[in-house]
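Here is how the chains run, residue by residue.
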Amino acid sequence: MQENATEVTAAGIARLAGVGRAAVSNWRRRHADFPKPVGGTESSPAFLLAEVEEWLRRQGKLAEVPLRERVWQQVAGHPDGPAAALTQTGCVLLLVHERPTRWLELAAGSDERLAALLPADLAQLLGRRLGPAPGGGGEGAAGPPAVRPPTGPELLSSVPLLRGAAELAAENGARQTYEFLLDRFVDPRQHTLTPPGLADLMADLADVTGPDEPAPRVVLDPACGTGSLLRAAARTHPGRELHGQDSAPALAELTALRLALHTSGPVRTAAADTLRGDAFPALRADTVLCHPPFNERTWGHEELAYDPRWEYGFPARTESELAWVQHCLARLREGGTAVLLMPPAAASRRSGRRIRADLLRRGALRAVIALPAGTAPPHGLPLHLWVLRRPGRAPAHPEVLMVDTAGAHAPLPAGTGAAARPGPDCAAVREIALAAWQAHDRTGTLQERPGVARAVPAIDLLDDDVDLTPARHLPPQVTAEGPEQLVAVRERLGATLRLTAELAPHPPEPAPAASGGPVPAPVTTVGELVRGGALTLVTGGAAGRRGLPVLTDLDVITGTAPAAPVAQAGSAAPAARPTAAGARSRAPRSTDRAGQGGGQGAGPGSGQGDGQGVDDRDDDTVITRPGDVVLPVSGGDGVARVIDEATAGAVLGRNLVLLRPDPQTLDPWFLAGLLRGTANQRRASSFASTATRLDVRRLRVPRLPLEEQRRHGDRFRALDEFEGALRQVARLGERLVRGSHDSLTESLLPPA
């Protein structure tokens, strides 16, 4: 075997060939000359990239590997690991970005010459741009380099990768190339990422200054992660001095390189636990931006009891977020601003009320902004933004700005069903929050907006609970619907009731009496259809695709559409939306072979496909398509749903199974209707524990010609439309009752 050769997994092979992972499994079984594994594990074997490419070309399945895929596979299969490979690549991309002529001179020679000369240039560049890491021992103390320059022997095995990355940078730019590779490397299931839109909002809130005040120059993020907040801070002021710290050494290095590519100012990063080992004890920043880890129990409560940072009180073990708040205030200059993303519980937990009270008394807490659920992970919680300022002297009558943007929802796309749940409108959230904070902080003349924004005197918040939840202190908006709106709702309800009566199905006619009775059709199972290639079976998981909604089992059971996308490209993926089963563990994902075969019947052997029907994109994420059939596997609800155009394009969530039928073999409505049958589901369910679990493979399907399937499928579709009309009636009726109650209680309608 070639030493230091690049390896690739089955998922990487699927990306190279543009197929699903099931196709790669089929190739391994059906082709004796498929490359043999050279590493990995039994469940996730690794192959030599060169051998795989050669085999794909021989089979006519690969004309040319795209450059970006080749570069990524070299990063992912690097013998020293993808983190080390990405660090080396980032160093070279920084050289390409700042000294392109020097790179061309170095790259003109042999690989050996490039590996021998490159370390000196990289050491000089990294020392100038990133400097040494702070040592944490006081002013002037320095530690090891923030990014260690790679040595010649380390670079020699990476030269093909470095040349490929430089070539890709020549096409797309060094910044975009590094962003692409970093985005592929960072797994949102392992790292909590700050969406770009939210990062920009936090940076802009911190930038609000008076007309005669200079813009903040020194910015710190003590939990920098991938550097999204620091990058946002440098967006409008590229020359700022950026400081970041993260407990993961590899992430701190990658973040330093990312920031150096995006700003011309000094970048200083350090790898250490911020609360236990502060790398910037002498720093007094103009701005601190922080998305701290939530709900930590091992943040250092015992060993940090007498830490001087606890000016506002010693945080309880359960109040790690308030420890981060005080750390950020301790690193600010007098009058400096900190903006933190906080869980809503931090505003109301009784264990933190004394610290919250002291923050209010001393004028350190200036604003609490409630965000809509779905703005950032965890997406099921309406997170808060806390805006703090290190006080010089306490204001005579301190006030705290309370803002609630929970009602800022994006409009639903055209054609979306009435049951859809809109996602947050990031532009509206930004406009509301910035306008309120600018008016409150610059002029102190905020005009109260009922239910949205209000400046609350700090004395009014200092009760027994010191609850800082904005909704509790904002006067409610006038929510009652007027007579005209209620009349319109009543008319819609009447029209929907008439439609429901028209859609009500007639009972099936009894089968005609005949000697011997009707001849039953042959019966197969979902498992046999999967093995025969007529179906693709995929189970959902916790993975999400950035910028896409997630279809949960609760959506399938209640007939609602998945929420609108909560993040733009490059932001965190949706995660942990509520599910019907309430599961928190990640469900395993499996993919079985799919079929594209012909045939007139639904049965084994009707297809011989390569498994190209599953859209895995860049990871294990499964994207729904029109015609897919989705079933929940927990809870015993007996539901099967056909994906339509309005719900297509969502990520398949946990506790769900997706069946993708071959349209030449199976009708999706026929399949969904049969799988929903009570007796069918009961035979295929497990009742061994308190939770019912459905084994989808055991569900039975009669083998009928496609035309007959479609005839039955039309009846199942009509039943589905009737069920949807019943749901709409329930929603309109609830709205009419609630609106009438509100109108009566608020005296908008005279009592009858």
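To start, this report covers the structure provided alongside it. All values derive from a computational prediction rather than experimental measurement. (Residues numbered from 1 in each chain as written. Predicted model: local features only at pLDDT ≥ 70, side-chain atom pairs only at ≥ 80, totals over all residues. Heavy atoms only, no water.)

Concerning the overall build of the chain
A count of helices and strands for the chain gives 24 helices and 24 strands. Buried residues in the chain amount to 51% of all 752 residues. Contacts in the chain between residues at least 24 apart in sequence constitute 74% of all its contacts with a sequence separation of at least 6. Just so you have it, the chain exposes about 33,500 Å², and 52% of that area is on carbon and sulfur atoms. (Helix = DSSP H or I, 4+ residues; strand = E, 2+ residues; numbered from the N terminus. Buried < 20%, exposed > 50% of the residue type's maximum accessible area, 1.4 Å probe, protein only. Contact = heavy atoms within 4.5 Å. Areas by Shrake-Rupley, 256 points an atom, 1.4 Å probe, with all protein chains shown as cover.)

Structural notes on the sheet that holds strand 1 (residues 7-9)
Taken in spatial order, the 3 strands of this open sheet run 1-3-2, and their pairing is antiparallel. Of all the strands in the sheet, just strand 1 and strand 2 (39-40) have a single pairing partner and so form its edges. Sheet strands touched by helix 1 (residues 10-17): strand 1 and strand 3 (45-48). Its angle to strand 1, the strand with the most contacts, is close to 90°. (Pairing = 2+ DSSP bridges. Axes fitted to C-alpha atoms, helices over the stretch in contact; angles between N-to-C directions.)

Comments concerning helix 14 (residues 320-330)
Within helix 14, 11 of the 11 residues are buried, which leaves it mostly tucked inside the rest of the structure. Inspection of helix 14 places Ser-320, Glu-321, Leu-322, Ala-323, Trp-324, Val-325, Gln-326, His-327, Cys-328, Leu-329 and Ala-330 among the buried residues, and these make up the whole buried set. Residues of helix 14 that are buried sit in contact with strand 9 (285-290), strand 10 (332-342), helix 15 (353-361) and strand 12 (384-389).

So, the packing of helix 4 (residues 67-76) against helix 10 (residues 174-185)
Contact pair helix 4 / helix 10: the axes reach a minimum separation of 11 Å and the direction vectors enclose 50°. Classified by the interaxial angle, the pair formed by helix 4 and helix 10 is oblique. Regarding helix 4 and helix 10, the two cross each other, and that crossing is right-handed. Counting all contacts with helix 4, which are made through Arg-68, Glu-69, Val-71, Trp-72 and Val-75, the residues of helix 10 involved are Phe-180, Leu-181, Arg-184 and Phe-185. Within the contact of helix 4 with helix 10, the residues separate by chemical class into 6 nonpolar, no polar and 3 charged. (Parallel < 35°, antiparallel > 145°, perpendicular 65-115°, else oblique. Left-handed = near helix turned anticlockwise from the far one by under 90°. Nonpolar A, V, L, I, M, F, W, Y, C, P; charged D, E, K, R; others polar.)

A look at the packing of helix 10 against helix 13 (residues 249-262)
In contact at an axis separation of 10 Å, helix 10 and helix 13 are set at 155° when each is read in the N-to-C sense. With respect to their mutual orientation, helix 10 and helix 13 come out roughly antiparallel. Helix-helix and strand crossings are classified by hand; for helix 10 and helix 13 the assignment is left-handed. Contact residues: Ala-174, Arg-175, Tyr-178, Glu-179, Leu-182 and Phe-185 in helix 10; Leu-254, Leu-257, Arg-258, Leu-261 and His-262 in helix 13. Of the residues that constitute the contact of helix 10 with helix 13, the class distribution is 7 nonpolar, 1 polar and 3 charged.

Some points on the pairing of strand 3
Both faces of the sheet carry side chains from a regular strand, because those side chains alternate between them. With burial as the criterion, each face of strand 3 is covered, one bearing Pro-45 and Phe-47 and the other bearing Ala-46 and Leu-48. The sheet contact formed by strand 1 and strand 3 spans 3 bridges and is antiparallel. Residue pairing for strand 3: Thr-9 is matched across the bridge by Ala-46. Note that strand 2 and strand 3 share 2 bridges and pair antiparallel. By the bridge assignment, Gly-40 is partnered in strand 3 with Pro-45. Taking the residues between adjacent antiparallel strands as the criterion, strand 2 and strand 3 are bridged by 4 residues.

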